[in-house]
Amino acid sequence: MNNECMARLAEQWEQICQNYSSDDLLHAFHFIQDHSLILVEEFYKNMLIEKESAEFFSDDLIQQRLRDTLNAWLLESFSVGINKRYADAVQKQAMVGHVHARVGIPSWLIMRGVREIESSDAVQV
């Protein structure tokens, strides 16, 4: 991904965050901070149900490392509106995408994973 594209993505992320008050951004971050472990657990529980995704998450050691990584990703992603480090966040997201591509995780599986987190019934607001 070139620098121009990265800069554009950072600007878009900033514009999205500007639609929310500082209090809203902080509340969202605290919500994720308080519930991220539940979201991560629910994510992997649902991903292991499907045969196509289970092959990527079967090893216990990798599952634990991936749980920690997903938890950190959630916290980092929801802190961006507070710390305003949009370019750094976009760079990190690109790196995460490259890692997923390198190990052969299909994009549909990543999108399914995001939907699992977004639609999680595990956390009550």
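Above this text is the structure in question.
Residues numbered from 1 in each chain as written. Predicted model: local features only at pLDDT ≥ 70, side-chain atom pairs only at ≥ 80, totals over all residues. Heavy atoms only, no water.

Colleague: For this particular structure, what's the right way to read the packing of helix H2 (residues 22-47) against helix H6 (residues 107-118)?
Modeller: The relative placement of two packed helices is expressed as an angle between their axes plus a distance between the axes. Axis separation between H2 and H6 bottoms out at 9 Å; the angle between their running directions is 130 degrees. If you check the angle between H2 and H6, you find them oblique. Considering only the axes of H2 and H6, their crossing is right-handed. Only Leu 109, Arg 112, Gly 113, Glu 116 and Ile 117 of H6 make contact with H2, whose side of the interface consists of Leu 39, Phe 43, Asn 46 and Met 47. Broken down by class, the residue content of the contact of H2 with H6 amounts to 5 nonpolar, 2 polar and 2 charged. (Axes fitted to C-alpha atoms, helices over the stretch in contact; angles between N-to-C directions. Helix = DSSP H or I, 4+ residues; strand = E, 2+ residues; numbered from the N terminus. Parallel < 35°, antiparallel > 145°, perpendicular 65-115°, else oblique. Left-handed = near helix turned anticlockwise from the far one by under 90°. Contact = heavy atoms within 4.5 Å. Nonpolar A, V, L, I, M, F, W, Y, C, P; charged D, E, K, R; others polar.)

Colleague: Explain a nonpolar patch on the surface to me, please; I cannot follow it from the model alone.
Modeller: Judged by side-chain polarity, Met 95, Val 99 and Val 103 come together as a nonpolar surface patch covering roughly 250 Å² of accessible area. Along the polypeptide, Met 95 turns up in helix H5 (residues 86-102). Given the relative accessible area of 45%, Met 95 is considered partly exposed. (Patch = residues over 30% accessible without salt bridge, like charges linked within 9 Å, V, L, I, M, F, W, Y side chains within 5 Å. Areas by Shrake-Rupley, 256 points an atom, 1.4 Å probe, with all protein chains shown as cover. Salt bridge = Lys/Arg side-chain N within 4 Å of Asp/Glu carboxyl O. Buried < 20%, exposed > 50% of the residue type's maximum accessible area, 1.4 Å probe, protein only.)

Colleague: Explanation requested: the nonpolar core in the structure shown.
Modeller: Note that soluble globular proteins tend to have their nonpolar side chains buried in a common cluster. Grouped together as the largest cluster of nonpolar side chains are 12 residues: Ile 32, Leu 39, Val 40, Phe 43, Tyr 44, Met 47, Phe 57, Leu 70, Leu 74, Ile 105, Leu 109 and Ile 117. Listed by contribution, the elements that provide at least two residues to this core are H2, helix H4 (60-83) and H6. With 6 residues, H2 is the single largest residue contributor to this core. Contacts of Met 47, omitting those with residues within four sequence positions, involve Ser 53, Ala 54, Phe 57, Leu 109, Arg 112, Gly 113 and Glu 116. (Core = buried A, V, L, I, M, F, W, Y, C linked by side-chain atoms within 4.5 Å.)

Colleague: Could you clarify how one ought to interpret unusual backbone geometry in this entry?
Modeller: Excluding glycine, residues mostly have negative phi values, and the peptide bonds linking residues are mostly trans. Positive phi outside glycine occurs at Lys 84, with the angle close to 60 degrees. In this structure, Lys 84 sits in the loop between H4 and H5.

Colleague: Which parts of the structure should I look at to understand helix H1 (residues 3-18)?
Modeller: For an α-helix the count is 3.6 residues per turn, leaving residues at separations of three or four pointing the same way. Here H1 is 16 residues long and its end C-alpha atoms lie 22 Å apart, about the 22 Å a rise of 1.5 Å per residue gives. Those residues of H1 that fall on the buried side of the exposure criterion are Met 6, Ala 10, Trp 13 and Cys 17. Along H1, the residues classed as buried sweep out an arc of 60 degrees about the axis, all on the same side. With respect to the buried face of H1, the exposed residues turned more than 90 degrees away are Glu 4 and Gln 18. Measuring from the side-chain oxygen of the N-cap residue of H1 to the backbone nitrogen of Glu 4 gives 3.1 Å; that N-cap residue is Asn 2. (Expected span 1.5 Å × (residues − 1). Arc of directions from axis to C-beta. Polar contact = N/O pair within 3.5 Å; in protein donor to acceptor, adjacent residues only side chain to side chain.)

Colleague: Honestly, the side chain of Ser 53 in this entry has me stumped. Any pointers?
Modeller: Locating Ser 53 in the fold gives a position in helix H3 (residues 51-54). Every residue in contact with Ser 53, bar those within four places of it in the chain, is listed here: Met 47, Leu 48, Leu 109 and Arg 112.

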